[in-house]
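Remarks on the overall topology
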Number of protein chains: 2
Amino acid sequence: MKVYHLYSGGKDSSLAAWILMRLGYEVRLVTVTFGTLEGWKFARETAERLGFEHEVLRLPRRLLEKAAEMAVEDGRPGRAIQFLHEKALEAIASRREVTRISDGTRRDDRVPYLDLPKARSLEDRFGVAYIRPLLGIGYRTVNELVQKLFEVEIRESEELEKSDYEVELRHLLRELGIDPLSIFPKSHYQSRVLGWKHEFIGREGRGFTPSGKPPQGSSSR
Amino acid sequence: MKVYHLYSGGKDSSLAAWILMRLGYEVRLVTVTFGTLEGWKFARETAERLGFEHEVLRLPRRLLEKAAEMAVEDGRPGRAIQFLHEKALEAIASRREVTRISDGTRRDDRVPYLDLPKARSLEDRFGVAYIRPLLGIGYRTVNELVQKLFEVEIRESEELEKSDYEVELRHLLRELGIDPLSIFPKSHYQSRVLGWKHEFIGREGRGFTPSGKPPQGSSSR
């Protein structure tokens, strides 16, 4: 029951990973990089603190360049982020050993988001199941679960040490002499998970439930 | 962390209930009836076998009559089922003590299904969070989890002892002299959950994970 889960170290992808684990899946976190920065290190650090298996998947820099072109053309990042996310999902799904992929996309996300035909197409083309644990829950529920589970750091995007597409996209735009603030919204808060909220949550505590109690015997809920 | 979960005794709503429990919610199952049949007894029986709290919510018969009119007018049941589901969600959400509602609707369902504006409207009008644990998963994932968790009985709709809207809707149509087969598709398989798959799963075993192992100590996954 292994699932390969796209992971940025943020609260959404961390929460989704926890849900997958609670459903009995063996979760392997995958952080994508295009090789322009080492932001994946932050996701790795969080993955280690949470006790998940983690790998870094390097995708071709030309995908990031194509995304940058889209962002410049549109004057906003939506299509570029969507493009990178689809390429990342496809790269993981195309691997022989992969039969389940997942991500932390939410009901309220505009991008990245695969509509039903796209989700089914991904599954059919690569013979995988695509699981989105957060798709059926809104911000209230995400927030109440995240608050119970994780220590989270929230900062503006420009400052945060994170491992998502946006960081490398901003970096490449800067390299191209384009101000990322002309494309990304100004006050755009991002989150990074620092670890489990309670001190007793280590590798052992992955069965932790948001009741605030450590798992004990058969009453692990 | 109490959630009121619309429950038919079928595999989808049972799986969704299990997921909610695994996320740390206190799950109360709610089975709707319009008072024309006692099909809710099957859902109650399954709820008891699975060890969940359960209640029966009686809605006005006129809602079922309105749904029957829609089904006859359309020659198919989609709009009627959608109407009844929305009324059921609203009835639960409108109760003072309710802050979270949920159901077993899936990514691949056409009806009942609330699109994003409808889901948000429900949440805003009643001040609740609406949680759909199965929205982000496809039939493959539903099947693999159901197979690990539950003993399931599958039969054609006309025969199955179940507690969903369809049973009462078919019954009312028959009372009105209308053959339900002129409205519902002929070969339409329905599922009913009979209990947990493994013998050790009783009230104690609700922390069960699909690994097939009973929860033990802190390694409950």
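Anyway, here's the lowdown on the structure attached to this text. (Residues numbered from 1 in each chain as written. Chains lettered and ligands numbered in written order. Predicted model: local features only at pLDDT ≥ 70, side-chain atom pairs only at ≥ 80, totals over all residues. Heavy atoms only, no water.)

Our focus in this paragraph is the overall build of chain A. Check the secondary structure of chain A and you find seven helices and seven strands. By the burial criterion, 57% of the 221 residues in chain A qualify as buried. When contacts within chain A are restricted to residue pairs at least 6 apart in sequence, those whose partners lie at least 24 apart make up 75%. About 9500 Å² of surface is accessible on chain A, with carbon and sulfur atoms providing 47% of the total. (Helix = DSSP H or I, 4+ residues; strand = E, 2+ residues; numbered from the N terminus. Buried < 20%, exposed > 50% of the residue type's maximum accessible area, 1.4 Å probe, protein only. Contact = heavy atoms within 4.5 Å. Areas by Shrake-Rupley, 256 points an atom, 1.4 Å probe, with all protein chains shown as cover.)

All names here are of chain A. Judged by pairing direction, the sheet is parallel, and its five strands sit side by side in the order β3-β2-β1-β4-β5 without closing on themselves. Either end of the sheet is taken by a strand with one partner, and the two such strands are β3 (53-58) and β5 (129-131). Looking at each pair of strands side by side, their axes are set apart by 30° on average, direction ignored. In this sheet, β3 lies alongside strand β2 (residues 26-33) in parallel orientation, the contact comprising six bridges. In the sheet register, Thr-33 faces β3, and the bridge partner there is Arg-58. (Pairing = 2+ DSSP bridges. Axes fitted to C-alpha atoms, helices over the stretch in contact; angles between N-to-C directions.)

Residues and elements named next belong to chain A. It is the contact of helix α1 (residues 11-22) with helix α6 (residues 139-149), at a shortest axis distance of 10 Å, that shows an interaxial angle of 80°. Accordingly, the angle class assigned to the pair α1 and α6 is roughly perpendicular. Contacts from Lys-11, Asp-12, Leu-15 and Trp-18 in α1 reach Val-142, Asn-143, Leu-145, Val-146 and Leu-149 in α6. (Parallel < 35°, antiparallel > 145°, perpendicular 65-115°, else oblique.)

The next subject is the packing of aromatic side chains. All names here are of chain A. In this structure the tally under the stated criterion is two aromatic pairs over all chains. Residues Phe-150 and Trp-196 carry aromatic rings whose centres are separated by 5.3 Å and whose planes lie at 25° to one another, so their mutual orientation is stacked. Of this pair, Phe-150 sits in strand β6 (residues 150-156) while Trp-196 sits in strand β7 (residues 189-196), and the two are 46 residues apart along the sequence. For the cation-ring pair, Arg-170 lies above Phe-184, with the distance from its terminal atom to the ring centre recorded as 4.5 Å. (Phe/Tyr/Trp six-rings, centres within 6.5 Å; stacked < 30°, edge-to-face > 60°. Lys NZ or Arg CZ within 6 Å of the ring centre and 35° of its normal.)

Further remarks concern the sheet that holds strand β2 (residues 26-33) of chain B. All names here are of chain B. Strand order in the open sheet formed by five strands is β3-β2-β1-β4-β5, with parallel pairing between adjacent strands. A strand with exactly one partner marks an edge of an open sheet, and here the two such strands are β3 (53-58) and β5 (129-131). On average, each strand axis in the sheet is inclined to that of its neighbour by 30°, with strand direction left out of account. As defined by bridge partners, strand β1 (residues 2-6) adjoins strand β4 (residues 100-102) across two bridges and the pair is classed as parallel. Residue His-5 lies in a different strand from β4, and its bridge partner there is Ser-102.

The subject of this paragraph is the environment of Glu-168 of chain A. Residue and element names in this part refer to chain A. Here Glu-168 is to be found in helix α7 (residues 165-175). Put simply, Glu-168 and Leu-6 are 162 residues apart on the chain and 16 Å apart in space, counted from C-alpha to C-alpha. With sequence-adjacent residues up to four places away left out, Glu-168 is seen in contact with Val-32, Thr-33, Phe-34, Gly-35, Thr-36, Leu-37 and Leu-64. In this structure the side chain of Glu-168 is engaged in a polar contact, spanning 3.3 Å, whose partner is the backbone nitrogen of Gly-35. Looking at Glu-168, its side chain comes within polar contact range of the side chain of Thr-36, at 2.8 Å. (Polar contact = N/O pair within 3.5 Å; in protein donor to acceptor, adjacent residues only side chain to side chain.)

Side chains of residues three or four places apart in an α-helix project in the same direction, reflecting 3.6 residues per turn. Residue and element names in this part refer to chain A. Within helix α2 (residues 40-50), the full set of buried residues consists of Ala-43, Thr-46, Ala-47 and Leu-50. Buried residues of α2, seen end-on, are gathered within an arc of 105° and therefore sit on one face of the element. Here the buried face of α2 lies against α1, β2, β3, β6 and β7. Just past α2, the residue Gly-51 takes up positive phi, approximately 85°. (Arc of directions from axis to C-beta.)

Looking now at the pattern of salt bridges. In the structure shown here, the tally under the stated rule is 46 salt bridges over all chains. Across the pair Arg-100 of chain A and Glu-144 of chain B runs a salt bridge whose closest N-O atoms are separated by 2.8 Å. Within this pair, whereas Arg-100 of chain A is found in strand β4 (residues 100-102), its partner Glu-144 of chain B is found in helix α6 (residues 139-149), the two belonging to separate chains. Glu-144 of chain B shares its class with Arg-100 of chain A; the two are buried. Among the ionic pairs, Glu-45 of chain B bridges to Arg-192 of chain B, the shortest N-O distance being 3.4 Å. Taken as a pair, Glu-45 of chain B in helix α2 (residues 40-50) and Arg-192 of chain B in strand β7 (residues 189-196) lie far apart in primary sequence, 147 residues in all. (Salt bridge = Lys/Arg side-chain N within 4 Å of Asp/Glu carboxyl O.)

Residues and elements named next belong to chain A. Within the secondary structure, Ala-80 is located in helix α4 (residues 78-93). For the pair Ala-80 and Arg-58, spaced 22 residues apart in sequence, the C-alpha to C-alpha distance is 18 Å. When residues no more than four places from it in sequence are discounted, the contact partners of Ala-80 are Ala-67, Met-70, Ala-71 and Leu-169.

Now for the side chain of Glu-123 of chain B. Tracing the sequence through the fold places Glu-123 of chain B in helix α5 (residues 116-126). Looking at Glu-123 of chain B, the relative accessible area reads 4%, which means it is buried. Setting aside residues no more than four positions away along its own chain, Glu-123 of chain B makes contact with Arg-107 and Arg-140 of chain A together with Val-128, Ala-129 and Tyr-130 of chain B.

Residues and elements named next belong to chain B. Taking burial as the measure, the eight residues of β2 include six buried ones, the bulk of the element. Looking at chain direction, β1 and β2 are connected through five bridges and run parallel. Among the inter-strand pairings, Val-3 is bridged to a residue of β2, identified as Val-27. For the crossover that starts at β1, traverses helix α1 (residues 11-22) and ends in the parallel β2, the hand is right-handed. After leaving β2, the chain enters α2 and then returns to the sheet as β3, a path that is right-handed. (Right-handed = clockwise from strand over helix to strand, strands pointing away.)

The values are spatial; any link to function lies outside them.
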